[in-house]
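Take a look at the letters that make up each chain.
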Amino acid sequence: MPLWNPIDALLGLFSLDIGIDLGTANTLVFVRGKGIVINEPSWVAIEKESRRVLAIGAEAKEMVGRTPANIVAIRPLRDGVISEFEVTQAMLDYFIKKAHEHSFIPFPRPRVVIGIPSGVTEVEQRAVYDAAIAAGAREAYLIEEPMAAAIGAGLPVTEPRGSIIVDIGGGTTEVAVFSMGGIVVSGSLRVAGDEMDEDIIQYARQKYNLMIGEQTAERVKIAIGSAYPLPEEKTMLLRGRNLVTGLPDAVEVSSIEIREALSSSVNLIIDLIRDTLERTPPELISDIMESGICLAGGGALLKGMAERVTAETHIRAWVAQDPMTCVARGAGMVLENLHVLRQVILSTDQREIR
Ligand code: ADP
Ligand code: MG
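It should be emphasised that the depicted structure is a prediction, and the values quoted were computed from it without experimental measurement.

## Some words on the packing of helix α6 (residues 193–208) against helix α7 (residues 214–224)
Relative orientation of the contacting elements α6 and α7 amounts to 100°, with a least axis distance of 8 Å. Accordingly, the angle class assigned to the pair α6 and α7 is roughly perpendicular. Contacts between α6 and α7 involve Gly-193, Met-196, Asp-197, Ile-200 and Ile-201 from the first element and Glu-214, Ala-217, Glu-218, Val-220 and Lys-221 from the second.

## Some words on the site of ligand 1
Ligand 1 sits among 17 residues. The nearest are Thr-24, Ala-25, Asn-26, Glu-218 and Lys-221. Here Ala-25 contributes a backbone N or O atom positioned 2.6 Å from an oxygen atom of ligand 1. Protein coverage of the free-state accessible area of ligand 1, which is 580 Å², stands at 90%. When residues of the shell around ligand 1 are traced back to their parent elements, those giving at least two are α6 and α7. No other element matches the three residues that α7 contributes to the shell around ligand 1. Residue classes in the shell around ligand 1 are distributed as five nonpolar, nine polar and three charged.

## With respect to the nonpolar core
Among the nonpolar cores identified, the biggest contains 42 residues, and Ile-293 and Met-305 are the most heavily contacted of them. The element best represented in this core is helix α8 (residues 255–278), accounting for eight residues. Discounting chain neighbours no more than four positions away, the residues touching Met-305 are Ile-168, Ala-227, Val-266, Ile-269, Leu-295, Gly-299 and Ala-300. Grouped together as the second largest cluster of nonpolar side chains are 30 residues, Val-31, Phe-95, Ala-132 and Ala-140 included.

## Overview of helix α9 (residues 282–291)
Of all the positions in α9, only Leu-284, Ile-285 and Ile-288 are classed as buried. Projected down its long axis, α9 shows its buried positions confined to an angular sector of 105°, all on one face. In α9, the exposed positions that point more than 90 degrees away from the buried face belong to Pro-282, Glu-283, Met-289 and Glu-290. Two residues or fewer after α9 comes Gly-292, characterised by a positive phi angle close to 90°.

## Considerations on the environment of Ile-212
The residue Ile-212 is located in the loop between β12 (210–211) and α7 in this model. As a C-alpha pair, Ile-212 and Arg-239 span 27 residues in sequence and 6.9 Å in three-dimensional space. Beyond its immediate chain neighbours, meaning those up to four positions away, Ile-212 contacts Ile-200, Ile-201, Ala-204, Ala-217, Leu-238, Arg-239 and Gly-240.

## Things to note about the sheet that holds strand β15 (residues 293–296)
A sheet is described by the order of its strands in space; here five strands give the open sequence β11-β10-β9-β15-β16, paired in mixed fashion. Every other strand in the sheet has two partners, leaving β11 (182–189) and β16 (317–319) as the edge strands with one partner each. Each strand axis lies, on average, 20° off the axis of its neighbour in the sheet, ignoring direction. Two strands pair when backbone bridges link them, and strand β9 (residues 163–168) and strand β10 (residues 173–179) are joined in this way by six bridges, in the antiparallel orientation. Bridge pairing links Ile-165 to Ala-176 in β10. Against the sheet, helix α5 (residues 145–152) touches β9, β10 and β11, its axis set at about 65° to β10.

## Concerning the packing of α5 against helix α11 (residues 326–336)
Closest axis-to-axis distance for the α5/α11 pair is 7 Å, and the angle between their directions is 85°. Comparing their axes, α11 and α5 come out roughly perpendicular. In this structure, α5 uses Glu-145, Ala-148, Ala-149, Ile-151 and Gly-152 to contact α11, whose residues at the interface are Cys-326, Val-327, Arg-329, Gly-330, Ala-331, Met-333 and Val-334. Looking at the contact of α5 with α11 residue by residue, the classes come out as eight nonpolar, two polar and two charged.

Criteria and cut-off values
- Residues numbered from 1 in each chain as written.
- Chains lettered and ligands numbered in written order.
- Predicted model: local features only at pLDDT ≥ 70, side-chain atom pairs only at ≥ 80, totals over all residues.
- Heavy atoms only, no water.
- Axes fitted to C-alpha atoms, helices over the stretch in contact; angles between N-to-C directions.
- Helix = DSSP H or I, 4+ residues; strand = E, 2+ residues; numbered from the N terminus.
- Parallel < 35°, antiparallel > 145°, perpendicular 65-115°, else oblique.
- Contact = heavy atoms within 4.5 Å.
- Near = heavy atom within 4 Å.
- Polar contact = N/O pair within 3.5 Å; in protein donor to acceptor, adjacent residues only side chain to side chain.
- Areas by Shrake-Rupley, 256 points an atom, 1.4 Å probe, with all protein chains shown as cover.
- Nonpolar A, V, L, I, M, F, W, Y, C, P; charged D, E, K, R; others polar.
- Core = buried A, V, L, I, M, F, W, Y, C linked by side-chain atoms within 4.5 Å.
- Buried < 20%, exposed > 50% of the residue type's maximum accessible area, 1.4 Å probe, protein only.
- Arc of directions from axis to C-beta.
- Pairing = 2+ DSSP bridges.

Now the structure itself:
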């Protein structure tokens, strides 16, 4: 189905429907008729003593590493669980209000679908729901992120045939097998993009006595990191501080070395996929062998990830189109097709399934 059409755009003027991906690394907001209108890091800067929220999103991330002692910048969803509730609430409030700026309605009361990590407890689900209502939502629905990702990736989740998604985010990797609107088997792991960055930091320290920052590590991962041999291996200059001399230093590293550094995290992700496939009923496996393994999330963009999954599972793996926006788009699509997709919504409370 098309994600943008003029009729939807017109409807959007009168009622706001938004899909939110509360990711561990990035928060995205999809507005019906408009597409993705917000894409910001999931960071919040707070004053330590008073716990007052000072900045959210891109502005808060800017502060990382530059804050005075009484201000901390945190990622409330980092480990895939909503650990800091008030902070998550402030974030949701900020993003919903910001999405309003994109509408002409004076007092919009949006309907929202929020993708939440599949590990969250009922209490946390309830908390997110309440936060959305407190932020002015007329109706709020929660959906498990792998389900939203699969819908956004165009997988036939409501059909009586098996499909599978591997969502590699910042804090967590989630694997889920779907059939008839439900998750049949799933698995998750607190190893994803962040852990890969950490692997590179450790590698630079152990092999070169070089201390590098998280952001440098992430840049290296994106530029030359891989999960499978590259058609053409590359090199890159790694800048940091020499731990022996204490002075600035730079070394040249190759994509082969970085692949080696990332291998333990990548192996854990492969093990999770294999383990999930092993627990999948045979009928669904035969469907999956036809449709392939769909990869989503920022980690799906690691070079050679699909080739590696294909080689290890003997099932063709493919990267979803625009893998980092699948959850937000999928959440938005649920609102557009509530009559078909109602069954995929999580409900902890009757009010959510009116
Ligand atoms: P989340 O859903 O947890 O917020 P995302 O799906 O937004 O996470 O993915 C964020 C992760 O993807 C980060 O760890 C980021 O470094 C990683 N990432 C983004 N682009 C690439 C790329 N081209 N290669 C490898 N990793 C990437
Ligand atoms: Mg995600």
